[in-house]
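# Breakdown of the fold
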Amino acid sequence: MDTEQKLDLKDVVLIGRTFDEYYRMFALDDLNPQTQRILDVASGVSSFCPEANSRGFNVIASDRIYRFSPYEIEEKCRKDLETVLTKLAEVMDLYNWDFFKTVDDLRAAREKAYKLFVDDFKLQGNKRYVFTEYPHSSFKDNQFDVSLVSHFLFLYDEHLDYGFHKNTILELIRVSSEEVRIFPLVNLRGKKSVFVKKLLKDPDFRTFRMAIRKVDYEFVKNGNEMLVIESKT
Ligand SMILES: C[S@@+](CC[C@H](N)C(=O)[O-])C[C@H]1O[C@@H](n2cnc3c(N)ncnc32)[C@H](O)[C@@H]1O
């Protein structure tokens, strides 16, 4: 993922997760939907934002794909889901089949995610779905309380370098008054990203409290931890 190049939709794979998955990945039972403002970072075609807002949470989604129309995105989602499911047969062993019992369960969840997202994007447009190209954003200082980063940082550590990770996290700390939560900590090869250790030791983060927490969600094997960064010292 080269963040300098102008994005073409054919270069991204549009697969999104549901509210139930986010709830478990980020152990969201400790959040207060009435008071806490949430930023979904690199939210893509996940249905977390529409589902959470309809349950009373206050969520804004941010991704670089939001400059495309819902119709372009929908068409791409349909194709990508078929491609990913076809290729899945070769990598079944990388995954735990406890949460999704079968490939059909997985298909149903991924279809639900993109359809709910597309419907809401058509209705809410860029009020709720903000075009953002990290590591930069247009959000104000402390505009949110908690930022959630699902399947973006650490996962693509071969394509996004440490400087990108660091600058994105510093930007999220700026816009979040309480916490930044990142899941998973493994990369595409299913190994813990070396950037996790590097970040924990980075002097620029020494004033922030950081902790790794086990969560009750593990689809990619060994991907059952999130990093929590308390954003204010
Ligand atoms: C694997 S998807 C994850 C989507 C969602 N968070 C989820 O877990 O279902 C990764 C997302 O990162 C977005 N992305 C990649 N680079 C980005 C950048 N520099 N700024 C904003 N979004 C980016 C892609 O457009 C894509 O939607």
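Structure report, in brief. Worth saying up front: this structure is predicted, and the values here are computed from it rather than measured.

### Section: the pairing of strand β5 (residues 176-183)
In terms of burial, β5 is largely enclosed, as six of its eight residues are buried. Inspection of the sheet shows strand β4 (residues 144-150) paired to β5 by six bridges, in the parallel sense. By the bridge assignment for β5, phenylalanine 144 is matched with serine 176. Handedness of the β4-helix α5 (residues 162-175)-β5 crossover: right-handed.

### A word on the pattern of salt bridges
In this structure the tally under the stated criterion is 22 salt bridges. For the salt bridge of aspartate 141 with arginine 174, the shortest nitrogen-to-oxygen distance reads 2.7 Å. Taken together, the positions of aspartate 141 in the loop between β3 (129-131) and β4 and arginine 174 in helix α5 put the pair 33 residues apart, joining distant regions of the chain. Its relative accessible area of 53% is what places aspartate 141 among the exposed residues. You can call arginine 174 partly exposed: its relative accessible area is 27%. Between glutamate 171 and arginine 174 there is a salt bridge, with its nearest N and O atoms 2.7 Å apart. Of the two residues, glutamate 171 and arginine 174 are both situated in helix α5; the distance of three residues between them amounts to about one turn of the helix. Members of the salt-bridge network, linked through shared partners, are Asp30, Glu179 and Arg181.

### Quick word on the site of the ligand
Residues in contact with the ligand amount to 20 residues; listed here are only the nearest, Arg17, Ala42, Asp63, Tyr134 and Ser150. Within the backbone of arginine 64, an N or O atom sits 3.4 Å from a nitrogen atom of the ligand. For the ligand, a nitrogen atom lies 2.9 Å from a polar atom in the backbone of tyrosine 134. Out of a free accessible area of 600 Å², the ligand has 97% covered by protein chains. When the residues that make up the shell around the ligand are grouped by side-chain class, the tally is eight nonpolar, eight polar and four charged.

### Some words on the nonpolar core
Residues Phe48, Ile65 and Ile73 are the most contacted members of the largest nonpolar core, which totals 44 residues. Elements that contribute at least two residues to this core include exactly α1 (19-25), α2 (48-54), β2 (58-63), α3 (70-88), α4 (103-124), β4 and β7 (225-230). Per-element tally for this core: the top contributor is α4, with six residues. Look past the residues within four positions of isoleucine 65 in its chain and what remains in contact with it is Leu7, Leu9, Val12, Leu14, Gly44, Val45 and Ile73.

### Description of the packing of α3 against α4
It is at 10 Å that the axes of α3 and α4 come closest, and there the two elements cross at 170°. Classified by the interaxial angle, the pair formed by α3 and α4 is roughly antiparallel. Contacts from Pro70, Tyr71, Ile73, Glu74, Cys77, Arg78, Leu81, Glu82, Leu85 and Leu88 in α3 reach Val103, Leu106, Arg107, Arg110, Glu111, Tyr114, Phe117, Val118, Phe121 and Lys122 in α4. In terms of residue class, the contact of α3 with α4 is built from 13 nonpolar, no polar and seven charged.

### Quick notes on the sheet that holds β7
Pairing in this open sheet of seven strands is mixed, and the strands run β3-β2-β1-β4-β5-β7-β6 from one edge to the other. Every other strand in the sheet has two partners, leaving β3 and β6 (210-214) as the edge strands with one partner each. Strand-to-strand twist across the sheet, computed as the mean angle between neighbouring axes with direction ignored, equals 25°. Bridging between strand β1 (residues 37-41) and β2 involves five bridges; their strand directions are parallel.

### Let's talk about the environment of asparagine 224
As for its position among the elements, asparagine 224 is in the loop between β6 and β7. With relative accessibility at 14%, the residue asparagine 224 sits in the buried group. In this structure, the C-alpha to C-alpha distance between asparagine 224 and phenylalanine 183, residues 41 residues apart in sequence, is 8.1 Å. Other than its neighbours up to four places away in sequence, asparagine 224 contacts Phe183, Arg213, Lys214, Val215, Tyr217 and Glu218. Looking at asparagine 224, its side chain comes within polar contact range of the side chain of glutamate 218, at 3.4 Å.

### A closer look at the packing of α5 against helix α6 (residues 194-201)
Direction vectors running N to C along α5 and α6 enclose 55°, while the axes themselves pass 11 Å from each other. Our classification of the angle between α5 and α6 gives oblique. With respect to the hand of their crossing, α5 and α6 are arranged in right-handed fashion. Of α6, the residues touching α5 (which contributes Tyr162, His165 and Ile169) are Phe195, Lys198 and Leu199. A per-class count over the contact of α5 with α6 returns four nonpolar, one polar and one charged.

Parameters and conventions
- Residues numbered from 1 in each chain as written.
- Predicted model: local features only at pLDDT ≥ 70, side-chain atom pairs only at ≥ 80, totals over all residues.
- Heavy atoms only, no water.
- Buried < 20%, exposed > 50% of the residue type's maximum accessible area, 1.4 Å probe, protein only.
- Helix = DSSP H or I, 4+ residues; strand = E, 2+ residues; numbered from the N terminus.
- Pairing = 2+ DSSP bridges.
- Right-handed = clockwise from strand over helix to strand, strands pointing away.
- Salt bridge = Lys/Arg side-chain N within 4 Å of Asp/Glu carboxyl O.
- Near = heavy atom within 4 Å.
- Polar contact = N/O pair within 3.5 Å; in protein donor to acceptor, adjacent residues only side chain to side chain.
- Areas by Shrake-Rupley, 256 points an atom, 1.4 Å probe, with all protein chains shown as cover.
- Nonpolar A, V, L, I, M, F, W, Y, C, P; charged D, E, K, R; others polar.
- Core = buried A, V, L, I, M, F, W, Y, C linked by side-chain atoms within 4.5 Å.
- Contact = heavy atoms within 4.5 Å.
- Axes fitted to C-alpha atoms, helices over the stretch in contact; angles between N-to-C directions.
- Parallel < 35°, antiparallel > 145°, perpendicular 65-115°, else oblique.
- Left-handed = near helix turned anticlockwise from the far one by under 90°.

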